[in-house]
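Below, each chain spelled out in residue letters.
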There are 2 protein chains.
Amino acid sequence: MPATRRIRFVLVGTQHPGNIGAAARAMKTMGLHRLVLVAPLRALDEDAYRRSAGAEDVLGDAPVFGSLAEAVADCTLVIGCTARSRRVSLEELLPADGGRRALAKAVEPAEVAFVFGRERTGLTNEELQLCHAAVHIPSDPAFSSLNLAAAVQVLAYEVRLAQLTQLQLSESRQAAPQVAGPRESAASHAQLEGMFGQLGEALDDIDFHKGRAPESAMRKLRRLFLRAELSEQEVRLLRGILSDAQRMARLAGKAGS
Amino acid sequence: MPATRRIRFVLVGTQHPGNIGAAARAMKTMGLHRLVLVAPLRALDEDAYRRSAGAEDVLGDAPVFGSLAEAVADCTLVIGCTARSRRVSLEELLPADGGRRALAKAVEPAEVAFVFGRERTGLTNEELQLCHAAVHIPSDPAFSSLNLAAAVQVLAYEVRLAQLTQLQLSESRQAAPQVAGPRESAASHAQLEGMFGQLGEALDDIDFHKGRAPESAMRKLRRLFLRAELSEQEVRLLRGILSDAQRMARLAGKAGS
C-alpha cells in the first residue's frame, strides 16, 4: 500500500456540495483518494458529482463524521489549513513543508490528516486546537480567499511533489543500506486527548490555577506536547506522573479537611 | 510596477465561462491580474462572475483576442501548459521551473505568457508551436485531468513562490540579514537543567519511582523536553506546575505523618 493511502483530506462544514466534488477531483489528479467529510451543510448532490468529473469513486467512498475529533481520532499528525493562523499560535508551515512532513509521517507508518475549514469562516479555534501544525498557502494578502477546491489542489500537489521526490530518492538508494530502525510508535490523537483530559484534572487537583482562567495554560501545554510528537510510551510515562500527583493531592485534601 | 504585471495567463477556447471566473479568482489570490482570453466558446456570464468571487476586476479587464498568435504577439517567453507534450517536442518544465523562468524573464523586463488550452482537448499542435516551452503538472497518470482553474491555480502558486523567493533574496541582500520572527526566546541550557533538577525532586516527592531506579524515567523525560525545544515561558509554566505538585506532596506528607 502506498504511503499516500494513509493521508486523508478532511473537509469540515462544507457549504457547497460542488466544492466537495471539485476537491475530490483535485485530490485524485494528485493520486490521493481518501476524502473525509465532517458535518457538511448539505448532502452530496448532482453538482458535487458533476464537478468531481471522474472522481466519483473518491466522492462515493468518503465517510461522514459528526465532528473533527472523530474524523481524526486515529491520526498522529493533523495539519490544519488556515488563511492565517492568527488566533491559535500553531507552528505554521509552507505547503511544501506540510507535504513533506505529511508524507514522512505516513511512511512511518502513521495516519495523517489535512483539515480544510468552511468556505467563509474556516476552522474554529476549537478545531484548530486539534491540529499539530498549520499550513498556510502564501496568497496575496490583498486577496487571500482561495476557493476550497483550489486550496485542496495546492496541498494535494505538494503531497505529490513530496512523493515523487521520495520515489526518486528510494530508487537511487535501492540496494544501499536501510535507514533508521522502527521508531517508537507515535501516540494517536485519542491517546493525546486522553492525556490532555487528565492533565486538566491534575492541574485542578493540585490547585494550579488559583482562580485564573485555565484555558491559557492548557493551550500552552497542548502546544508544547503536540510539538514534541509524543510516543505511546511517553504518554504512558506522563500519565503515570500525573496519577501520582493526583494521588498526593487527594491525600493532601484529606489532610486539609 | 512589479514584474508579475508582465506575466499574463492566456485561456484558449474555454468552453465554460464558470471556469474563466474561477481562473480569475485563482490568479488574483496569487497576486496575478492579467487574464487574457482567446476565442472563448461562450461570453462571460453570471456563472463566470459568481465564480470569480471578488476577482471581477481581473475578469472585467481581460482582453479577448481571436487567435493565440495575436494574444502573445508582444511576448518573449510563451509557456504552454499541457497534460503531456506528446505531440510537439518542446522543452518540458516542471511548474516550479516554469514559475522561476517566467519571473526571471519578466524581471528583465520582458512580456511573458502562460497558455492554457481547452477543457477537453487542450492546445492544438499549431498553438503549441507558438510556445517556447511546455510546463506539465506532474499529475497521477491514472487520472491526470485537472480542472482548468485548478491548473491555473497551481501555476499561479508557483509564480508567487518564485516571486516570494526573489523578494526574500533581495531583502536579505539589503542591509543585514533579518532573522526569524519574534518567536518566544528559547530556554537556555541552565534554565533547562534547573527545570530537570526540580523535576527529579518532584518525582521523588510524589513517590513516582516506588523503588524503581529513577534514571530511566528521567532520561526519557529529558529526551522528550529537549526535543520540544522549550521556550523560557514554557519552562516557567512547567516549573510552576511542579511547585504546586510538590506543595501538595508536602501537605500529603503531613497528613501521612
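Heads up: the structure comes first, above all this text.
Residues numbered from 1 in each chain as written. Chains lettered and ligands numbered in written order. Predicted model: local features only at pLDDT ≥ 70, side-chain atom pairs only at ≥ 80, totals over all residues.

(A) Here's a closer look at the overall build of chain A. The helix and strand tally for chain A stands at ten helices and seven strands. Along the first, second and third principal axes, the C-alpha atoms of chain A reach 70 × 50 × 35 Å. Taking all 257 residues of chain A together, the buried fraction comes to 46%. For chain A, long-range pairs separated by at least 24 residues make up 86% of all intrachain contacts whose partners lie at least 6 apart in sequence. (Helix = DSSP H or I, 4+ residues; strand = E, 2+ residues; numbered from the N terminus. Buried ≥ 20, exposed ≤ 12 C-beta atoms within 10 Å, placed from the backbone. Contact = placed C-beta atoms within 7 Å.)

(B) Up close: helix α8 (residues 189-205) of chain B. Residues and elements named next belong to chain B. The end-to-end C-alpha separation of α8 is 24 Å, in line with the 24 Å expected for 17 residues at 1.5 Å each. Among all positions of α8, only Met195, Ala202, Leu203 and Asp205 are buried. Seen from one end, α8 has its buried residues packed into an arc of 150°, which puts them on one side. For α8, exposure combined with an orientation more than 90 degrees from the buried face picks out His189, Ala190, Glu193 and Gly197. Backbone geometry just downstream of α8 places Asp207 in the positive-phi region, at approximately 55°. (Expected span 1.5 Å × (residues − 1). Arc of directions from axis to C-beta.)

(C) Here's a closer look at helix α5 (residues 95-107) of chain A. All names here are of chain A. With 13 residues, α5 extends 18 Å between its outermost C-alpha atoms, agreeing within 8% with the 18 Å of an ideal straight helix rising 1.5 Å per residue. Taken together, the buried positions of α5 are Pro95, Gly98, Gly99, Ala102, Leu103, Lys105 and Ala106. All buried residues of α5 lie within an arc of 160° about the axis, which places them on one face of the element.

(D) Up close: the interface of chain A and chain B. With 46 residues of chain A at the contact, the number on the chain B side is 46 residues. Top element by residues in the side of chain A that touches chain B is helix α10 (residues 232-256) of chain A. It accounts for 13 residues. The class makeup of the residues in the side of chain A that touches chain B is 26 nonpolar, ten polar and ten charged. (Nonpolar A, V, L, I, M, F, W, Y, C, P; charged D, E, K, R; others polar.)

(E) The sheet that holds strand β6 (residues 112-116) of chain B, seen in detail. All names here are of chain B. Reading across from one edge, β3-β2-β1-β6-β4-β7-β5 is the order of the seven strands in this open sheet, with parallel pairing throughout. Here the strands that pair on one side only, and so sit at the sheet edges, are β3 (64-65) and β5 (92-93). Docked against the sheet, helix α1 (residues 17-29) engages β1 (7-12) and β2 (34-38), running at close to 155° with respect to β2. (Pairing = 2+ DSSP bridges. Axes fitted to C-alpha atoms, helices over the stretch in contact; angles between N-to-C directions.)

(F) A look at the packing of helix α8 (residues 189-205) of chain A against helix α9 (residues 214-227) of chain A. Residues and elements named next belong to chain A. It is the contact of α8 with α9, at a shortest axis distance of 11 Å, that shows an interaxial angle of 140°. On the basis of the axis angle, α8 is oblique to α9. For the element pair α8 and α9, the recorded crossing hand is right-handed. Where α8 approaches α9, its residues Phe196, Leu199, Gly200 and Leu203 are matched on the opposing element by Pro214, Ala217, Met218, Leu221 and Arg222. Each residue belonging to the contact of α8 with α9 can be placed in one class, and the counts come to seven nonpolar, one polar and one charged. (Parallel < 35°, antiparallel > 145°, perpendicular 65-115°, else oblique. Left-handed = near helix turned anticlockwise from the far one by under 90°.)

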